[in-house]
Amino acid sequence: MIEKMSFVTLAGPKTQIDYLVNNYLSKHDIHLENALTEFSSTEQFTTFTEENPFKSSLNKSHELMQLVHSPEKAEIQNLTVTEAEKFLDKIDEDLVDVRDEIAKLKEQIEQLNVDYATLVPFKTLNYTLKKIYDMEFFKYRFGKIPRVSFDKFESYLDPDINAIFITTLTEAETVYGVFFAPIEYFDDVEKDFKNIHFDEISIPRKYKGFPNDECLEISNKIIDLKEQISNKETEIDKIIEENKNKLVSAIRRIETAYSNFDVRKLAAVTRDSGVTFQVLCGWMTTKEAKKLHRETDNDVNVVCIVSDDVDDHKTKPPTKLKNFRLIKPFEMFVRMYGLPAYNEFDPTLFLTITYAFIFGIMFGDLGQGLCLVIGGAILYKVKKMDLAGIVCAAGVFSCIFGALFGSFFGFEFESLIHPLHSMVTLPFLGQINLVLVAAFLFGAFVILSTMILNIANAIKQKDLGKALFGPNAVTGFIFYASIIAVIVLYMTGNSLPGTILLMVMFVLPLVLIFLEVPLKNLLKKKKPIEESPGIFAATAFFELFDYLLTYLSNALSFLRIGVFAISHAAMMQVVMTLAGAENGGSANIAVVIIGNIIVLAMEGLVVGIQVLRLEYYEIFGRFYEGSGREFVPYRKRNKQ
């Protein structure tokens, strides 16, 4: 069901807005609206212009919150905004030095990683860097050469060049190494190497040993620095953990203060030069609004006005669903389609009944149904998953129809109906599966029920035309009910009354559906037809034809309920055959278990999706729009 809403207006001196927020808005569920939209003229009202003073504190609190482990376990203390800001500043100051040290250590690691990357290609060089630096008659260059250029160098240039190139690392695309040349030939040699795209790598002069030893030393230094960082981070964790309760309390207080101040964005402020007033507006449940009105009665700083006339306001009431605990999980499917508008019927109960009932028929097995009930109940209890609650409810009906169909994990027992073998003889059709007939009749009943709900919705929305004329209105109900009645009469051998009913009730509803638009316009005191009669007649004819096809397709869609019931029984029969249980044989338990798991997982998922498809396309489309907006109270938004 949808909770009844009232529109609440709160007014008071501009300087008392924080008082109003802290003492009333933070204690009651109110869906705030922009107050300026409620006034016909904005000449007397303006908005707050102050910038939120808690922005910097909020940013700081978010940074500190990232350091807190399991903040939800902290014991919240009552702090003022000033106390919270001072405490956050103190904690931040305590961490500044440690953070600076960590930053310096990370810079050292970054530089060492660069040095390591520079030296590592030359690890295989069997000379100390100091000896290379100190050579008197030779010059050198460390670097890399593209593999293609190096291959040409080895073939054509190497034998004739006045230099020695020592390869230290060969990769797929690059060759690393160092070349040496006498001082008098060095300039020419360097030009030759540049011609083969030699790219010099500068080795820091502080490294003087063997490149491999220097790399090992760098690695050890990095490990040592990382350990120092870890110690510093432990120091931070210790500071945070020791002050966890008060820190989280301060952060929450700042978040609340920031959110409370931002209420100003939705407030309207008078432009008078005298005492300036602020106005806040929003929607509350009628029960909560009355409670707030009583609380503010004797408060000289607040004026509270409660209006129960929802049509007298520019904003539409938000939707707040309130359903029994057993059907509350099914609200998830309603929200997926769209919340009902405030003046619309809440389909949660109807969806709960039809979804669980249809699922039970399509997946009727007592044993597998028990698995769904137990598994869904455990997950719903532990994880609070709405989907698990839906599975549990659907499992209950699987058990009911499993008992009706005589199936327990595929083992059959005596039952009233068997999806594969129960047949009925009908005129014109001969023998037909009883489950398919029942599915057709059930679908017809559901369609007629949705039409009744559409009529009730239209009456609730005070739209007489929508209630009387249309494929899902009174005219559609009479037409479809007559068709079903005629089919039932013919199938039961009562052809004469069926023909009379067909002649009397078939034509008139179709004519009224054909004239749906002009009849609705007449009720609204508008011109019956806007376009020419010819265009109207053609459009109305094709729409009527489309409606007739829709009636047929909807009825056939519900046949899938029976088809899935039959296919489920057939699949379980296959499992039992593979297990060797046909003709009273002894079943292979392993095959039975594996087969049931496969059917439960695969067909259970497919059936769940197919039932949801029926709900959305064949049921909801007839009476439900789902154009509502969710009731989001200030307190909930504040917590988020």
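Just so it is clear, the structure is predicted and the values come from calculations on it, not from any experiment.

So, on to the overall build of the protein. If you tally the helices and strands in the protein, you get 22 helices and 14 strands. In the protein, buried positions account for 44% of the 640 residues. When contacts within the protein are restricted to residue pairs at least 6 apart in sequence, those whose partners lie at least 24 apart make up 78%. Within the structure as shown, the protein displays about 34700 Å² of accessible surface, and the carbon and sulfur contribution to it stands at 59%.

We now examine the packing of helix H11 (residues 348-362) against helix H21 (residues 589-623). One can describe the packing of H11 onto H21 by two numbers: an axis separation of 10 Å at closest approach and a directional angle of 140 degrees. As the angle between them shows, H11 and H21 are arranged oblique. Classified by chirality, the crossing of H21 by H11 is right-handed. Along its contact with H11, which presents Phe350, Leu351, Thr354, Tyr355, Ile358, Phe359 and Met362, the element H21 presents Glu603, Gly604, Val607, Gly608, Gln610, Val611, Leu612, Leu614, Glu615, Ile619, Phe620 and Phe623. Looking at side-chain class alone, the contact of H11 with H21 contains 13 nonpolar, four polar and two charged residues.

So, on to the pattern of salt bridges. Counting across every chain of the model gives 16 salt bridges. As a salt-bridge pair, Lys60 and Asp89 come within 2.4 Å of each other at their nearest N and O atoms. Of this pair, Lys60 sits in helix H2 (residues 55-65) while Asp89 sits in helix H3 (residues 81-119), and the two are 29 residues apart along the sequence. Given the relative accessible area of 22%, Lys60 is considered partly exposed. With a shortest N-O distance of 3.3 Å, Glu618 and Arg613 are connected by a salt bridge. Residue class for Arg613 comes out partly exposed when judged on its relative accessible area of 30%. Connected via shared salt-bridge partners are Lys328, Glu331, Arg335 and Glu630.

Attention shifts here to the packing of aromatic side chains. As enumerated under the stated definition, the model contains 32 aromatic pairs in all. A centroid spacing of 6.0 Å and a plane angle of 45 degrees characterise the contact between Phe401 and Phe405, whose relative ring orientation is tilted. Pair noted here: Phe401 and Phe405 are both in helix H13 (residues 386-405), with a separation of four residues, about one helical turn. Take Phe401: its relative accessible area is 10%, and that puts it in the buried class. The ring of Tyr133 has Arg205 sitting right over it, with the charged end atom 4.2 Å from the ring centre. Note that Arg264 overlies the ring of Phe261, its terminal NZ or CZ placed 3.8 Å from the centroid.

Strand order in this open sheet of four strands is S5-S6-S4-S7, and the pairing throughout is antiparallel. Each having just a single partner strand, strand S5 (164-170) and strand S7 (199-200) make up the two edges of the open sheet. With nine bridges joining them, strand S4 (residues 138-146) and strand S6 (residues 174-182) adopt antiparallel strand pairing. By the bridge assignment, Phe138 is partnered in S6 with Pro182.

Attention now moves to the packing of helix H14 (residues 434-460) against helix H16 (residues 474-491). Here H14 crosses H16 at 160 degrees, and the two axes come no closer than 9 Å. In terms of orientation, H14 lies roughly antiparallel with respect to H16. The hand of the H14/H16 crossing is left-handed. Along its contact with H14, which presents Phe440, Leu441, Ala444, Ile447, Leu448, Met451, Ile452 and Ile455, the element H16 presents Val474, Gly476, Phe477, Tyr480, Ala481, Ile484, Ile487 and Val488. Among the residues forming the contact of H14 with H16, the class breakdown is 15 nonpolar, one polar and no charged.

The next thing to look at is unusual backbone geometry. Residue Ser70 is not a glycine yet carries a positive backbone phi of 50 degrees. By secondary structure assignment, the location of Ser70 is in the loop between H2 and H3. Residue classification places Ser70 among the partly exposed positions, given a relative accessible area of 30%. Unlike most non-glycine residues, Lys462 shows phi in positive territory, near 60 degrees. Position of Lys462 relative to the elements: it lies in the loop between H14 and helix H15 (464-468). Since its relative accessible area comes to 73%, Lys462 is described here as exposed.

Here we take up the nonpolar core. Among the nonpolar cores identified, the biggest contains 47 residues, and Ile91, Phe142, Ile203 and Leu247 are the most heavily contacted of them. Those elements giving two or more residues to this core turn out to be H2, H3, helix H4 (129-133), S4, S6, helix H7 (211-242) and helix H8 (244-262). Counting residues per element, this core draws most heavily on H3, which supplies twelve residues. Residues within four places of Ile203 in sequence aside, it is in contact with Thr118, Leu119, Phe122, Leu129, Tyr133 and Phe142.

Before going further, it helps to spend a moment on the side chain of His31. Mapped onto the elements, His31 comes out in strand S2 (residues 31-33). Classification of His31 by relative accessible area gives buried; the value is 9%. A distance of 2.9 Å separates the side chain of His31 from the backbone nitrogen of Val632, its partner in a polar contact. Not counting residues up to four positions away in its chain, the partners in contact with His31 are Cys281, Gly282, Trp283, Pro318, Arg629, Glu630, Phe631, Val632 and Pro633.

About the cut-offs
- Counting from 1, residues in each chain are numbered in the order their sequence is written.
- Note on the predicted model: pLDDT of at least 70 is required for a residue's local features to be given, and 80 or more for side-chain atom pairs to be given and counted; whole-chain, interface and lining totals, by contrast, use all residues.
- Water and hydrogen atoms play no part in the side-chain values, which are based on all heavy atoms of the structure.
- The helix and strand labels rest on DSSP assignments: H or I over at least four residues marks a helix, E over at least two residues marks a strand, and numbering proceeds from the N terminus.
- Relative accessibility under 20% of the residue-type maximum defines a buried residue, over 50% an exposed one, and the middle range a partly exposed one, all with a 1.4 Å probe and only protein chains included.
- In this analysis, two residues are considered to be in contact whenever any of their non-hydrogen atoms come within 4.5 Å of each other.
- Each accessible area is a Shrake-Rupley result for a 1.4 Å probe, and residues are judged covered by the shown protein chains and nothing else.
- Axis definition: a line fitted to C-alpha atoms, limited for helices to the stretch in contact. Angles are taken between N-to-C directions and run from 0 to 180 degrees.
- Angular relationships are summarised with four words: roughly parallel below 35 degrees, roughly antiparallel beyond 145, roughly perpendicular across 65 to 115, and oblique for the angles in between.
- Handedness of a crossing is defined here by the sense of rotation of the near helix relative to the far one, left-handed for an anticlockwise turn of less than a right angle and right-handed for a clockwise turn.
- Gly is put with the polar residues, along with every residue not named as nonpolar or charged; the nonpolar set is Ala, Val, Leu, Ile, Met, Phe, Trp, Tyr, Cys and Pro, and the charged set is Asp, Glu, Lys and Arg.
- Salt bridges, as used here, are contacts in which a Lys or Arg side-chain nitrogen is within 4 Å of a carboxyl oxygen on Asp or Glu.
- Pairing of aromatic side chains requires ring centres within 6.5 Å, counting the rings of Phe and Tyr and the six-membered ring of Trp. Pairs whose planes differ by under 30 degrees are stacked, by over 60 edge-to-face, and all others tilted.
- Whether a charge lies above a ring is judged from NZ of Lys or CZ of Arg, which has to be within 6 Å of the ring centre and within 35 degrees of the ring normal.
- Two strands are counted as paired when DSSP detects at least two bridges linking them.
- Grouping buried Ala, Val, Leu, Ile, Met, Phe, Trp, Tyr and Cys residues that are joined through side-chain atoms within 4.5 Å yields what is termed a nonpolar core.
- Side-chain atoms alone can form a polar contact between residues adjacent in sequence; in general such a contact is a pair of N or O atoms within 3.5 Å, and within protein one must be able to donate a hydrogen while the other accepts it.

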